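Observations on the three-dimensional arrangement
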Amino acid sequence: CWVCLGLWVRKFINLSKNRQVKLDKKFPDLFKIYCVEDTPHYKRVAITVFDHWLTLEEFQNDFPDKNERLSRNKSLHDFAKVMSKNTEILNFKFKGKWERCYPSFREFSSQESMDNYLHPAGDNDSSDKFCRLVLPEFSAVYFESWDYTNIFYIQDDKVIPEIKKWASESGVYCLEY
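So, a few notes on the structure that sits alongside this text. Only a predicted model underlies this, so the values are computations on that prediction, with no experimental measurement involved. (Residues numbered from 1 in each chain as written. Predicted model: local features only at pLDDT ≥ 70, side-chain atom pairs only at ≥ 80, totals over all residues. Heavy atoms only, no water.)

1. Things to note about the layout of surface pockets
- What the largest pocket holds in volume is close to 310 Å³.
- In this structure, the largest pocket is lined by 14 residues; those nearest its centre are Tyr34, Val36, Phe143, Glu144 and Ser145.
- Of all the elements in the fold, those that place two or more residues in the lining of the largest pocket are helix 2 (30-34) and strand 7 (149-154).
- Of the residues in the lining of the largest pocket, the class split is nine nonpolar, two polar and three charged. (1 Å grid on protein atoms, 1.4 Å probe; cavity = no way out; pocket = protein on both sides within 12 Å on 5 of 7 lines; lining within 4 Å. Points joined across faces, edges and corners; volume = space filled by probe spheres on them. Helix = DSSP H or I, 4+ residues; strand = E, 2+ residues; numbered from the N terminus. Nonpolar A, V, L, I, M, F, W, Y, C, P; charged D, E, K, R; others polar.)

2. Points about the packing of aromatic side chains
- For the structure shown, the criterion picks out 20 aromatic pairs.
- Ring centres of phenylalanine 31 and phenylalanine 94 lie 5.1 Å apart, and the angle between their planes is 75°; on these two criteria the pair is classed as edge-to-face. Here phenylalanine 94 lies in strand 3 (residues 90-95) and phenylalanine 31 lies in helix 2, a separation of 63 residues in the sequence.
- Pairing tyrosine 142 with phenylalanine 152 gives two aromatic rings, centres 4.8 Å apart and planes at 55°, and the pair type is tilted. Here phenylalanine 152 lies in strand 7 and tyrosine 142 lies in strand 6 (residues 140-143), a separation of 10 residues in the sequence.
- Overall, the relative accessible area of 0% leaves phenylalanine 152 in the buried class.
- Three or more aromatic residues joined by ring pairs form one cluster here, namely Phe27, Phe31, Tyr34, Tyr42, Phe92, Phe94, Phe105, Phe143 and Tyr153.
- Seen from the ring of tyrosine 177, arginine 44 lies directly overhead, with NZ or CZ sitting 4.0 Å from the centre. (Phe/Tyr/Trp six-rings, centres within 6.5 Å; stacked < 30°, edge-to-face > 60°. Buried < 20%, exposed > 50% of the residue type's maximum accessible area, 1.4 Å probe, protein only. Lys NZ or Arg CZ within 6 Å of the ring centre and 35° of its normal.)

3. So, the sheet that holds strand 2 (residues 43-48)
- The strand order across the open sheet formed by eight strands is 1-4-3-5-6-7-2-8, and the pairing between neighbours is antiparallel. Two strands close off the open sheet at either side, each with one partner strand: strand 1 (12-14) and strand 8 (173-176). Across the sheet, the mean angle separating the axes of adjacent strands is 35° when strand polarity is ignored.
- As paired elements, strand 3 and strand 4 (residues 102-108) share five bridges and run antiparallel to each other. When the bridges of strand 4 are listed, lysine 95 appears paired with tyrosine 102.
- The strands touched by helix 4 (residues 66-86) within the sheet are strand 2, strand 5 (132-135), strand 6 and strand 7, with strand 7 carrying the most contacts at an inclination of about 30°. (Pairing = 2+ DSSP bridges. Axes fitted to C-alpha atoms, helices over the stretch in contact; angles between N-to-C directions. Contact = heavy atoms within 4.5 Å.)

4. Details of the nonpolar core
- By size, the foremost hydrophobic cluster in this structure holds 31 residues, and its most contacted members are Ile47, Phe79, Met83 and Phe152.
- Those elements giving two or more residues to this core turn out to be strand 2, helix 4, helix 5 (111-118), strand 5, strand 6, strand 7 and helix 6 (160-170).
- In terms of residues, this core owes the most to one element, helix 4, which gives five residues.
- If we skip the residues at most four places from it in the chain, isoleucine 47 touches Leu76, Phe79, Tyr142, Tyr148, Thr149, Asn150, Phe152, Ile163, Ala167, Val172, Tyr173 and Cys174.
- Among the nonpolar cores identified, the runner-up in size contains 18 residues, and Leu15, Phe27, Leu30 and Ala46 belong to it. (Core = buried A, V, L, I, M, F, W, Y, C linked by side-chain atoms within 4.5 Å.)

5. Some points on helix 4
- Given a rise of 1.5 Å per residue, 21 residues ought to cover 30 Å, and the 30 Å separating the end C-alpha atoms of helix 4 matches this to within 8%.
- Among the residues of helix 4, those classed as buried are Arg72, Asn73, Ser75, Leu76, His77, Asp78, Phe79, Ala80, Val82, Met83 and Ser84.
- Against the buried residues of helix 4 lie strand 2, helix 5, strand 5, strand 6, strand 7 and helix 6.
- In this structure aspartate 65 caps helix 4, since a side-chain oxygen of it lies 3.2 Å from the backbone nitrogen of asparagine 67. (Expected span 1.5 Å × (residues − 1). Polar contact = N/O pair within 3.5 Å; in protein donor to acceptor, adjacent residues only side chain to side chain.)

Read these as geometric descriptors, not functional statements.
Now the structure itself:
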């Protein structure tokens, strides 16, 4: 048993109550965007392996082989690593239920924990394993999503050039909605 051997290590460390309150105010409607509901506080920007929005036909005919899937996931992972090197990233989960649901913000316990978490869940059958982050300095939220396309929810367009720079460094694309 890993716990008995003292080898079990927590992936995340909860932030202080004071920091939780500040972040909760900084990221309004976080549960709404998690539920993919509209909110006036955010604009969406996509990070994707594709250089354009796929047409329905392109999407329906996209059946990458194993090597291509690995390559796409590596590119998205590279983007996440560049992002994490350039700004603070924090994980969050939700506590409570529905109207009383509130975010709990957490930092990573180690660089290894962060790197493992940032690796795309890929062809997982559930979005429960997808990466969920806030970038406090950028007032942005980052969600892993399906089809090799992840989503930023940003509160200020001024951060888009930096996101595009990270994308360019990583071999992925930043597409605006």
